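The lines below spell out each chain.
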Amino acid sequence: MSAAPSRRRVAVLISGRGSNMTSLIAAAKDPSFPAEIALVLSNRPEAPGLATARENGITTVAIDHKHHLSREDFERAMQEVLEAHGIELVCLAGFMRILTAWFVERWTGRMINIHPALLPLYRGLHTHERALADGVKLHGASVHFVVPGMDEGPIIAQAAVPVLDGDTADTLGARVLAQEHVIYPLALGLLAGGRLTIEGARVRVSGEAAQTSALVAPQVA
Ligand code: GAR
């Protein structure tokens, strides 16, 4: 029997419930998935996702940003923990702290984020409310490489969902979230599998189903 190929060691950074983290953990339970979730790190010790991670046998660390004098100080503490655990890739999954260029540059090409909108539309907060206020008919989610600008960076995968007449921010957000749980494992699999190349603002996907694997089309719920 040949040895299993090595899997990339991933840290998932969370601040809250961690449903995207859970979708990554579920994907990584498949031994053929090219990444393992080696660590879940939160800036909020009370984040419910930490308990979920522990229930799945994953090491967790909480680094309370309020106990650090500056953003840099907090990030140095995170960097030390990531290095101590041999982390190779970082997934931001509802991690609600702005990161400095110092930290981001240490993870260039190795840190990705999920955002609940079709970037470059609706960077920042309250994306579902803003989509409804604008009357757009399509909304969605994006996974992108992290660069110093907030919610900027080359896009790896997107999912589009319809905006329906009776939608509220909650119903629309739930439709988007279901697709987040599809595209985040997909994007991590592509990154950890070495299938992504960044060319300027664009991300090229190589290998099987390269043209379509990073696009999830609209589906009426
Ligand atoms: C998700 O909808 C994620 O896209 C969003 O926070 C939520 C976290 O939920 N992230 C951002 O808004 C970052 N700009 P989760 O904790 O259940 O994964």
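The sections below set out a description of the structure shown in this document. No experiment lies behind these values; they were computed from the predicted model shown.

Moving on to the overall build of the protein chain. When helices and strands are tallied, the protein chain shows six helices and ten strands. In terms of its C-alpha atoms, the protein chain occupies a principal-axis envelope of roughly 50 × 50 × 35 Å. For the protein chain, with 221 residues in total, the buried portion stands at 49%. Separation between the mean location of the 20 positive side-chain charges and that of the 22 negative ones in the protein chain comes to 2 Å.

On to the environment of His 85, then. Mapped onto the fold, His 85 is located in the loop between α3 (71-84) and β4 (89-92). Note on His 85: relative accessible area 25%, which makes it partly exposed. When neighbours within four sequence positions are excluded, His 85 is seen to be in contact with Arg 9, Leu 39, Thr 59 and Val 61.

Before going further, it helps to examine the site of the ligand. Around the ligand sit Arg 17, Gly 18, Ser 19, Asn 20, Gly 94, Met 96, Ile 114, His 115, Pro 116, Asp 151, Leu 177 and Glu 180, and that is every residue in its neighbourhood. In the environment of the ligand, an oxygen atom lies 2.9 Å from a nitrogen or oxygen atom belonging to the backbone of Asn 20. In this structure, a nitrogen atom belonging to the ligand sits 3.2 Å away from a side-chain N or O atom of His 115. Protein chains bury 87% of the 450 Å² of accessible surface belonging to the ligand in isolation. Among the elements of the structure, α1 (19-28), β5 (111-115) and α6 (169-192) are those that each provide at least two residues to the shell around the ligand.

Moving on: the nonpolar core. Judged by nonpolar contacts, the single largest core of 44 residues is most densely connected at Val 12, Ile 37, Val 40, Ile 112, Ile 156 and Leu 188. In terms of residue count, the dominant contributor to this core is α6 (nine residues). When near neighbours in sequence (up to four residues on either side) are disregarded, Ile 37 contacts Val 10, Val 12, Leu 24, Ile 25, Ala 28, Ile 58 and Leu 188. Core analysis: the second largest hydrophobic core is formed by 22 residues, Leu 39, Leu 82, Trp 107 and Met 111 among them.

This next bit is on the environment of Gln 179. On the secondary structure map, Gln 179 appears in helix α6. What makes Gln 179 buried here is its relative accessible area of 10%. Between the C-alpha atoms of Gln 179 and Ala 159, which are 20 residues apart in sequence, the distance is 6.2 Å.

As judged from the four bridges shared by strand β8 (residues 196-199) and strand β9 (residues 202-205), these two strands associate in the antiparallel manner. Note on β9: the bridge partner recorded for Glu 199 is Arg 202. The hairpin turn running from β8 into β9, its antiparallel successor, is two residues long, and Gly 200 in that turn takes a positive phi close to 65°.

Looking now at the pattern of salt bridges. Under the counting rule described, the total for this entry stands at six salt bridges. Salt-bridge contacts for Asp 64 lead to Lys 66; the nearest nitrogen and oxygen are separated by 3.6 Å. Asp 64 gets classed as buried once you look at its relative accessible area, which sits at 11%.

With respect to the helices and strands, Asp 30 occurs in the loop between α1 and β2 (35-42). Separated by 128 residues in the primary sequence, Asp 30 and Gln 158 place their C-alpha atoms 23 Å from one another.

Relative to the helices and strands, Glu 180 is located in helix α6. Here Glu 180 sits buried without a salt bridge, and the closest side chain of opposite charge, Arg 17, lies 6.4 Å off (N-O distance). A distance of 2.9 Å separates the side chain of Glu 180 from the side chain of Asn 20, its partner in a polar contact. For Glu 180, the residues in contact, after removing those within four places along its chain, are Asn 20, Ile 114, Pro 116, Ala 141 and Pro 185.

Criteria and cut-off values
Residues numbered from 1 in each chain as written. Predicted model: local features only at pLDDT ≥ 70, side-chain atom pairs only at ≥ 80, totals over all residues. Heavy atoms only, no water. Helix = DSSP H or I, 4+ residues; strand = E, 2+ residues; numbered from the N terminus. Buried < 20%, exposed > 50% of the residue type's maximum accessible area, 1.4 Å probe, protein only. Lys, Arg positive; Asp, Glu negative; His and termini not counted. Charge placed at Lys NZ, Arg CZ, Asp CG, Glu CD. Contact = heavy atoms within 4.5 Å. Near = heavy atom within 4 Å. Polar contact = N/O pair within 3.5 Å; in protein donor to acceptor, adjacent residues only side chain to side chain. Areas by Shrake-Rupley, 256 points an atom, 1.4 Å probe, with all protein chains shown as cover. Core = buried A, V, L, I, M, F, W, Y, C linked by side-chain atoms within 4.5 Å. Pairing = 2+ DSSP bridges. Salt bridge = Lys/Arg side-chain N within 4 Å of Asp/Glu carboxyl O.

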